[in-house]
Amino acid sequence: MANDRLRALEDVEKEIAVILQCAGNIILELSKEKHNASLLDRQLAQFTSAVNRVESELSSQIRYLTQVATGQPHEGSTYSARKDCQMALNRAEYARIKLGELGRTCEVLLDPQT
């Protein structure tokens, strides 16, 4: 799962390179006195398509990270289960301490020698 996410981010990086290349080609073509409209159209279409793919994948990555950060259960993570377990251990320790205190209080109250 993590490798798939990293691979997707590498693909996003490649798409960003395509976006920069297209933008450079468009600027270069526009700087000419007489520009080629069909080349501009193709480069613009490729640019727009790449931007849409990057936006879509980054949105997907953000949704995933939001899910992880809020502790919601999701595929491939044990964070929520570990957090629940740690909280249960903390509650058990607190209960043990309070029961010990209660036991000592009962001993004091029931001990006639004091």
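In this text, all values refer to a predicted model and were calculated from it rather than measured experimentally. (Residues numbered from 1 in each chain as written. Predicted model: local features only at pLDDT ≥ 70, side-chain atom pairs only at ≥ 80, totals over all residues. Heavy atoms only, no water.)

**Student:** Would you mind going over the domain arrangement of the protein in detail, with residue names and values included?
**Tutor:** Domain annotation of the protein identifies domain 1 (1-72) and domain 2 (78-113). Between the C-alpha centres of domain 1 and domain 2 there is a distance of 56 Å. (Domains from an automatic or database assignment.)

**Student:** I'd love a proper account of the packing of helix 1 (residues 2-31) against helix 2 (residues 37-69), names of residues and values included.
**Tutor:** Packed helix pairs are characterised by how far apart their axes lie and by the angle those axes make with each other. Where helix 1 meets helix 2, the closest approach of the two axes is 9 Å, and the angle between their N-to-C directions is 155 degrees. One element, helix 1, and the other, helix 2, form an angle in the roughly antiparallel class. As for how helix 1 packs across helix 2, the hand of that crossing is left-handed. (Axes fitted to C-alpha atoms, helices over the stretch in contact; angles between N-to-C directions. Helix = DSSP H or I, 4+ residues; strand = E, 2+ residues; numbered from the N terminus. Parallel < 35°, antiparallel > 145°, perpendicular 65-115°, else oblique. Left-handed = near helix turned anticlockwise from the far one by under 90°.)

**Student:** Outline the confidence of the model for the protein, supporting the account with residue identities and numerical values.
**Tutor:** Should pLDDT be low for a region, the predicted coordinates there are not to be read in detail. When pLDDT is averaged across the protein, the result is 86; 91% of the residues are at 70 or more. Across the protein, the element-wise mean pLDDT spans from 87 in helix 3 (residues 79-110) up to 91 in helix 1. (pLDDT = per-residue confidence, 0-100.)

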